[in-house]
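Residue-level listing of the chains:
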Amino acid sequence: MATPQLASFRVPDITNEPMKAYAPGSAERQELIAAIAQMEQELPFEVPCIVNGQEVKTGKLAKQPMPHDHARHLCTYHEADEATVAKAIDGALAAKEGWESLPWNDRAAIFLKAADLVSGKYRYKLLAATILGQGKNVWQAEIDAAAELTDFFRFGVKFVEELYAQQPSKNSAGSWNRVEYRALEGFVLAVSPFNFTAIGGNLPGTPAMVGNVVVWKPSPAASYSSYLVYQILAEAGVPPGVIQFVPGPPAEVVGQAISHPSFAGLHFTGSTFVFKKLWKDIALNLDKYRGYPRIVGETGGKNFHVVHKSAEIKNAVIQSVRGAFEYQGQKCSALSRLYVSSSVWNGGFKDQFLSQIAKIKVGPAEDWSNFMGPVIGRPAYDKITGYIKKAKDAGGEILIGGTGDDSKGYFIQPTVILTKDPKSITMVEEIFGPVVTVFVFEDDDFGKTLDLIDTSTEYALTGAIFARDRHALLTATNRLRNTAGNVYYNEKCTGAVVGQQPFGGARASGTNDKAGSISIFYRFVSARSIKENFVGLEDFHYPSNLV
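About the cut-offs
- Residues numbered from 1 in each chain as written.
- Predicted model: local features only at pLDDT ≥ 70, side-chain atom pairs only at ≥ 80, totals over all residues.
- Heavy atoms only, no water.
- Phe/Tyr/Trp six-rings, centres within 6.5 Å; stacked < 30°, edge-to-face > 60°.
- Helix = DSSP H or I, 4+ residues; strand = E, 2+ residues; numbered from the N terminus.
- Buried < 20%, exposed > 50% of the residue type's maximum accessible area, 1.4 Å probe, protein only.
- Lys NZ or Arg CZ within 6 Å of the ring centre and 35° of its normal.
- Pairing = 2+ DSSP bridges.
- Axes fitted to C-alpha atoms, helices over the stretch in contact; angles between N-to-C directions.
- Contact = heavy atoms within 4.5 Å.
- Polar contact = N/O pair within 3.5 Å; in protein donor to acceptor, adjacent residues only side chain to side chain.
- Right-handed = clockwise from strand over helix to strand, strands pointing away.
- Left-handed = near helix turned anticlockwise from the far one by under 90°.
- Nonpolar A, V, L, I, M, F, W, Y, C, P; charged D, E, K, R; others polar.

## A short note on the packing of aromatic side chains
When we look at a pair of aromatic rings, we describe it by the centre distance and by the angle of the planes.
Part 1 of the argument: Under the definition given, this model contains 21 aromatic pairs.
Part 2 of the argument: Seen in terms of ring centroids, Phe45 and Tyr224 are 4.4 Å apart; in terms of plane orientation they differ by 10°. Their pairing is stacked. With a gap of 179 residues between them, Phe45 in strand β1 (residues 45-47) and Tyr224 in helix α7 (residues 223-236) connect regions that are remote in the sequence. Grouping residues by exposure puts Phe45 and Tyr224 together as buried.
Part 3 of the argument: Here the aromatic residues Trp216, Tyr227, Tyr230 and Phe245 are joined through ring pairs into a cluster of three or more.
Part 4 of the argument: Here the guanidinium or amino end of Lys390 rests over the ring plane of Tyr387, the centre of that ring lying 5.0 Å away.

This is the structure we're talking about:
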């Protein structure tokens, strides 16, 4: 629809969404308790595919169990079949011209409204779905499904406004230069993970914000919260077909999408193994495509804390407890390898660390005093407990934890392994669970330890350096320059905030395109330079041709 552009609009001032505390007796605690109770009463829900704004029920049903009570399930979802995926791709391509042509201020308004719906009308429903379906405690659900998702939408609008404002700084006499930022030619495939409801919204939302159409395959273990996010986007005004919601078997849905000639980009968060396979499969399909697809991925991490002899012990202890065991260690950024100077370890760190961990309560989020909940499912439970056994078999000492109970939910106790081998299996391979392995180094071996941190694993996502000695901080920063895409001084290695700490890592951890910043939007646009001439030529000769 053609519309006049009669003003240069500016988006409202953007700030991070304030997080609610859910203190005893607070209004937000009562509202969340009511939302969880209502969801418990109404489940299980039915989740369809959504193609061109219409529900598609294929009849091929799968379940999303609740990890704290795996005999029950939060929802059943219809798995997209080949015909549904094909229809989704065709419908997205049909919607592309209208969406890309929509004036920017109208696209911006849609996502600003989506942010207000997340932070207001649907806040407690999203939290309830994240708590029951993905096993988060209240605070972890709040910082994810409410605050971060809101921030992704609001700051995304701010970043796109800044992107569009980047124009050539010079114009020759009699001409005008400008740049437009086109959507990619084709569709983007978004493949989102279970561990952050916010990422479920950001992966399709980022490319859509700059005019792309998206086929979105959510994680099976986050089917219901992802469905709620889709409904919020639709209510905010995202037109039918612009984001197609196609839950289903990952290999089949993704394989069909990346085999299509109009595949233009992948926005992925998940395992390193899967991302590498997709990259190879996309490369094999290059001759099918109209262009070179953009591949954007954030994958695994083997994240570190290094505690120098000058570190303030209590802070390093508490930060390490949170970094390792928040959300059961199921964050890409979670702490899993901890290097501690011997004088600090023996001077109080060990005792305080184990004492604090012993206080952690593990259980379902309905008990508000539980700090940790379940891991996401049976494969995760078996993998994590398997790594604990491998560590013990290799000579690692279990200082605390090391056990699990899967009788009702998938609960694993917070586990600390002490190793004398800095390249033992749990110091090298990603576990994605509540397990941290400690290596104690001699105070004088700080430099050697930094080399170990850099070379022990293929990942390079997050890390933290604890030291009061500024020289030690700078030494570690320089030696570990390529070891983490996000590094923290005297702060845990988790908790990046949109608009404050752009998030992403390199090496096997991903393409480091920095979600939560302007950088990632460059990956989903294709710039076109325009030069307009105002003064015509009178002759083709150059002055140098004159004699």
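More follows now that the structure is in view.
## Some details on the sheet that holds strand β5 (residues 69-78)
Strand-to-strand pairing in sheets goes through backbone hydrogen bonds, with the strands running parallel or antiparallel.
Part 1 of the argument: Taken together, 3 strands build an open sheet; the order of strands is β1-β5-β4 and the sheet is mixed. In the strand order of this sheet, the two ends are held by β1 and β4 (61-66), each with one partner. Between one strand axis and the next, the sheet turns by 40° as a mean value, whatever way the strands run.
Part 2 of the argument: Looking at chain direction, β1 and β5 are connected through 3 bridges and run parallel. Across the sheet, the residue bridging to Val47 is Tyr77, located in β5.
Part 3 of the argument: Across the face of the sheet, α7 comes into contact with β1, β4 and β5 while running at roughly 65° to β1.

## Examining the sheet that holds strand β21 (residues 486-489)
Part 1 of the argument: In spatial order, the strands read β14-β17-β18-β13-β12-β20-β21; together these 7 strands make up an open sheet with mixed pairing. Whereas interior strands pair on both sides, the edge strands pair on one side only; in this sheet they are β14 (397-400) and β21. Strand-to-strand twist of the sheet, defined as the mean angle between neighbouring strand axes without regard to direction, takes the value 20°.
Part 2 of the argument: Relative to strand β18 (residues 435-441), strand β17 (residues 415-419) is paired through 5 bridges, and the arrangement is parallel. Looking across to β18, one finds that Val416 is bridged to Val436.
Part 3 of the argument: Packed on one face of the sheet, helix α11 (residues 342-358) meets β12 (303-307), β13 (335-341), β14, β17 and β18 and runs near 145° to β13.

## Here's the deal with the side chain of His308
Part 1 of the argument: Looking at the element boundaries, His308 is found in the loop between β12 and α10 (313-325).
Part 2 of the argument: The class of His308 is buried, set by a relative accessible area of 8%.
Part 3 of the argument: Polar side-chain contacts of His308 include one of 2.8 Å to the side chain of Ser310.

## Quick look at the pairing of strand β8 (residues 213-217)
Part 1 of the argument: Buried residues dominate β8, accounting for 5 of its 5 residues.
Part 2 of the argument: By the alternation rule, side chains of β8 split into Val213, Val215 and Lys217 and Val214 and Trp216, which are all buried.
Part 3 of the argument: Across 5 bridges, strand β7 (residues 187-191) lies against β8 in parallel orientation. Each bridged residue has a counterpart across the sheet, and for Val191 the counterpart in β8 is Lys217.
Part 4 of the argument: The parallel pair β7 and β8 is bridged by helix α6 (residues 197-209), and the resulting crossover is right-handed.
Part 5 of the argument: With 3 bridges connecting them, β8 and strand β9 (residues 243-245) associate as parallel partners. Considered in β9, the bridge of Trp216 is made with Phe245.
Part 6 of the argument: Handedness of the β8-α7-β9 crossover: right-handed.

## Side note on the packing of helix α14 (residues 446-455) against helix α15 (residues 470-479)
Part 1 of the argument: Look at α14 against α15: their axes get within 10 Å of each other, and the N-to-C directions meet at 35°. Where α14 crosses over α15, the handedness of that crossing is right-handed. Residues Phe446, Gly447, Lys448, Leu450, Asp451 and Asp454 of α14 form the contact with α15, whose own contacting residues are Ala472, Thr475, Ala476 and Arg479.
Part 2 of the argument: The residue inventory of the contact of α14 with α15, partitioned by class, reads 4 nonpolar, 2 polar and 4 charged.

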